[in-house]
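What the coordinates show
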Amino acid sequence: MSEAVEVVGGDLRVGEARAPLSAVIGLEERYGRWSGRARLVLRGTSMTIPLREGYGEIRARLRQHLGDRPFSSDWSDGRFPGAPAGLPPDLVFGISVALTGGIALVVGLNLGSVAGLGVVLASIWPLGRLRDAWVVRVEGIRGGPPWASLVPWYDVEAVCIRIGARRAWIWTRGRGVTQVASLPRSLVPAFRARVRRLGGIELTEGAVSLDDRYGRWRAPAVGIPWGIGLGALTIAWFTPTPWTALVAGAAAMIATGLLGAMVTLRAQGWGTGGVLAGTLLYGFLLLGSGFLMSGWLGGS
């Protein structure tokens, strides 16, 4: 539970600390992206209140007695940080970048600059996903990596949540792409209130369904082939055998492109023409595999 907060006469008590109400010149809700601590800072005093269970009642009580003081929060602009593995986002990202840089340097020194560059390119996607966050604004909601698009509220049917020990998984459900990202558990009340106020939607608690999982992977499945193509083009500039890199990249693009098409068709619920398109893609994959196998057998 949160520390005991009382207003006695003209004094404010937070646990064992005590200060006159007149000493409070402002209230700030802060989230430490390096420490993972969420707290309310009472400016003008040395007192802070952790954002834990029961904080909503404390906040309402303080606003009642300090309604004329300025009140702000780190998420006033609608941006809520993610919680990778339930840990502070900046701490995890900083450690991951340092480890990736060290691995790329070691690989580059031992296997050449092309291999080191390959490590860097392969790390772009996972490092980008460590910056997952939620943005809740009047125009709509966005969840996931920085390159995710804002989904208008009229395309959002539900915002679902599953609360864990240190973080909560939140995902949207609607006509657009399913968006999924984590959120520090301490920020769930603020997130819930903002979604209710701006989107008119109450968070629905439950488990992730199979349709939600396919919807979540729809955008990555479409983007991965293009990322592979960009990586192949980049590596081709630095390798003595550029055509090998380009052919391998093209084969990987075709394979992941077919997989992405199947994921997209499934996420759309196998709508009109979906089954036919899936059948054609499957036949194309079998035909390509047959050509590759016949060429291998002929060469041997």
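Here goes a summary of the coordinates provided. Being a predicted model, the structure only gives us computed values, none of them experimental. (Residues numbered from 1 in each chain as written. Predicted model: local features only at pLDDT ≥ 70, side-chain atom pairs only at ≥ 80, totals over all residues. Heavy atoms only, no water.)

Points about a nonpolar patch on the surface
Together, Trp34, Leu91, Ile95, Leu99 and Ile103 give the surface a local cluster of nonpolar side chains, amounting to about 520 Å² of exposed area. Mapped onto the fold, Leu91 is located in helix H2 (residues 89-111). (Patch = residues over 30% accessible without salt bridge, like charges linked within 9 Å, V, L, I, M, F, W, Y side chains within 5 Å. Areas by Shrake-Rupley, 256 points an atom, 1.4 Å probe, with all protein chains shown as cover. Salt bridge = Lys/Arg side-chain N within 4 Å of Asp/Glu carboxyl O. Helix = DSSP H or I, 4+ residues; strand = E, 2+ residues; numbered from the N terminus.)

Quick look at the side chain of Ser182
Its place among the elements puts Ser182 in strand E14 (residues 180-184). Apart from the residues within four sequence positions on either side, Ser182 is in contact with Pro81, Gly82, Ala83, Pro84, Trp134, Arg167, Ala168 and Trp169. (Contact = heavy atoms within 4.5 Å.)

What to know about helix H3 (residues 113-129)
Two residues of an α-helix separated by three or four positions point the same way, owing to the 3.6 residues in each turn. A rise of 1.5 Å per residue sets the reference length of H3, with its 17 residues, at 24 Å; its end C-alpha atoms lie 25 Å apart and thus fit the reference within 8%. Where H3 bends most, at Ser123, the angle is about 35°, and the proline Pro126 comes one to four residues later. Here H3 has its buried residues at Gly116, Ser123, Leu127 and Gly128. Buried residues along H3 sit in contact with H2. (Expected span 1.5 Å × (residues − 1). Bend = angle between axes of the 7 residues up to and from the residue. Buried < 20%, exposed > 50% of the residue type's maximum accessible area, 1.4 Å probe, protein only.)

Comments concerning the nonpolar core
The biggest cluster of nonpolar side chains holds 38 residues, and the ones touching the most others in it are Leu12, Leu42, Ile49, Leu62, Val159 and Phe191. With residues up to four places along the chain from it excluded, the contact list for Leu42 reads Leu12, Val14, Val24, Gly26, Leu27, Met47, Ile49 and Leu62. (Core = buried A, V, L, I, M, F, W, Y, C linked by side-chain atoms within 4.5 Å.)

Notes on helix H4 (residues 188-199)
Spanning 12 residues, H4 covers 16 Å between terminal C-alpha atoms, matching the ideal 16 Å at 1.5 Å per step. If you check which residues of H4 are buried, you get Val188, Phe191, Arg194 and Val195. When H4 is viewed along its axis, its buried side chains cluster within an angular range of 130° and face the same direction. Seen from the open side of H4, the exposed residues pointing more than 90 degrees away from its buried face are Pro189 and Arg197. Tucked into the core, H4 has its buried residues touching strand E8 (79-81), strand E9 (133-136), strand E10 (140-144), strand E12 (156-163), strand E13 (167-174) and E14. (Arc of directions from axis to C-beta.)

Read these as layout, nothing more, since geometry by itself doesn't imply function.
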